[in-house]
Amino acid sequence: MDKTDFEILSHLQSDGRLTNVALAEEIHLSPSPCLRRVKQLEDAGVIEGYHARIDRQKAGFSMTVFVEVRLKSHTDDKHIAFENAILEVSDIISAHLVSGSADYRLEVVAVDLQDYERILKKLQYLPHVKDIQSHFAIRTVKTAAPLPLTKASGKTKA
């Protein structure tokens, strides 16, 4: 990726609804080469998609819970089974294999405490779960921040 690719990413990250013509003007390219570069970034998987950012509270999700999960065993097949199972749970909006006392950290959204209790029961029966610890978010300070592309762009040839 070069400087122009990072400029494209920066502008699309700020406004995913930017038209190709407007984007081309912003990065000082004609529309055809701009569209070609965007398509290459999409095909390479750098751009994974375009999404609307939704306010959780206004959409009815009053709770965000970070759930730490420890598995009974650490063999690859156990991790694969667990990961495949969490992919099917729509209440889990992000999941990470982590280091430390937990094996996974899940981000879960719930409408209210009763809803979270239902979700927790579902999580307890996922394959190979040994222990679950819930951490309730009191207030969101920062979320869905853009990637610091200027850091990454310094590692490439311009």
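Residues numbered from 1 in each chain as written. Predicted model: local features only at pLDDT ≥ 70, side-chain atom pairs only at ≥ 80, totals over all residues. Heavy atoms only, no water.

Peer 1: Any chance you could explain the nonpolar core here in plain terms?
Peer 2: As a rule of thumb, nonpolar side chains are buried together in soluble globular proteins. By size, the foremost hydrophobic cluster in this structure holds 19 residues, and its most contacted members are Val67, Val69, Phe82, Leu106 and Leu126. For this core, the secondary structure elements donating two or more residues are strand S1 (63-71), helix H4 (76-86), strand S3 (104-110) and helix H5 (113-124). Take this core: its biggest share by element is five residues, from S1. Not counting chain neighbours up to four residues away, the residues in contact with valine 69 comprise Phe82, Ala102, Asp103, Tyr104, Leu106, Val129, Asp131 and Ile132. Residues Ile8, Ala24, Cys34 and Leu41 belong to the second largest nonpolar core, which totals twelve residues. (Core = buried A, V, L, I, M, F, W, Y, C linked by side-chain atoms within 4.5 Å. Buried < 20%, exposed > 50% of the residue type's maximum accessible area, 1.4 Å probe, protein only. Helix = DSSP H or I, 4+ residues; strand = E, 2+ residues; numbered from the N terminus. Contact = heavy atoms within 4.5 Å.)

Peer 1: For this particular structure, what's the right way to read H5?
Peer 2: Because an α-helix completes one turn every 3.6 residues, residues spaced three or four positions apart along the sequence face the same direction. The terminal C-alpha atoms of H5, which comprises twelve residues, lie 16 Å apart, in line with the 16 Å expected from a rise of 1.5 Å per residue. Every buried residue of H5 is accounted for by Asp115, Tyr116, Ile119 and Leu123. Here the buried residues of H5 occupy an arc of 95 degrees about the axis, which is enough to place them on one side. Projecting away from the buried face of H5 at angles above 90 degrees are the exposed residues Leu113 and Gln114. Between the side-chain oxygen at the start of H5 and the backbone nitrogen of glutamine 114 there is a gap of 3.2 Å, and the oxygen is on aspartate 112. (Expected span 1.5 Å × (residues − 1). Arc of directions from axis to C-beta. Polar contact = N/O pair within 3.5 Å; in protein donor to acceptor, adjacent residues only side chain to side chain.)

Peer 1: What exactly am I supposed to notice about the packing of helix H1 (residues 3-14) against helix H3 (residues 31-43) here?
Peer 2: The description of two helices packed together rests on the angle between their axes and the distance between the axes. It is at 10 Å that the axes of H1 and H3 come closest, and there the two elements cross at 80 degrees. When the interaxial angle is binned, H1 and H3 end up roughly perpendicular. When H1 is examined against H3, the residues Thr4, Asp5, Ile8, Leu9 and Leu12 are found in contact with a partner set consisting of Cys34, Arg37, Val38 and Leu41. For the contact of H1 with H3, the per-class residue count stands at six nonpolar, one polar and two charged. (Axes fitted to C-alpha atoms, helices over the stretch in contact; angles between N-to-C directions. Parallel < 35°, antiparallel > 145°, perpendicular 65-115°, else oblique. Nonpolar A, V, L, I, M, F, W, Y, C, P; charged D, E, K, R; others polar.)

Peer 1: Which parts of the structure should I look at to understand the packing of aromatic side chains?
Peer 2: Any two aromatic rings considered together are summarised by their centre-to-centre distance and by the angle between their planes. Per the counting criterion, the structure on display carries two aromatic pairs. Aromatic side chains phenylalanine 82 and tyrosine 104 sit 4.7 Å apart centroid to centroid with 45 degrees between the ring planes, which places their arrangement in the tilted category. With a gap of 22 residues between them, phenylalanine 82 in helix H4 and tyrosine 104 in strand S3 connect regions that are remote in the sequence. Under the relative-accessibility criterion, phenylalanine 82 is labelled buried at 0%. Consider the rings of tyrosine 116 and phenylalanine 136, whose centres lie 5.4 Å apart with planes at 80 degrees: the pair is edge-to-face. One end of the pair, tyrosine 116, is in helix H5; the other, phenylalanine 136, is in strand S4 (residues 129-136), and 20 residues separate them in sequence. By relative accessible area, phenylalanine 136 is classed as partly exposed at 40%. (Phe/Tyr/Trp six-rings, centres within 6.5 Å; stacked < 30°, edge-to-face > 60°.)

Peer 1: Honestly, the layout of surface pockets in this entry has me stumped. Any pointers?
Peer 2: The gaps of empty space that remain are located by a probe, the size of a water molecule, rolled over the atoms. Taken as a whole, the largest pocket holds about 1,500 Å³ of empty space. Lining the largest pocket we find 34 residues, and of these His51, Ala52, Arg53, Ala144 and Ala145 sit closest to its centre. No other element matches H1, which puts four residues into the lining of the largest pocket. Residues belonging to the lining of the largest pocket are distributed by class as follows: 17 nonpolar, ten polar and seven charged. (1 Å grid on protein atoms, 1.4 Å probe; cavity = no way out; pocket = protein on both sides within 12 Å on 5 of 7 lines; lining within 4 Å. Points joined across faces, edges and corners; volume = space filled by probe spheres on them.)

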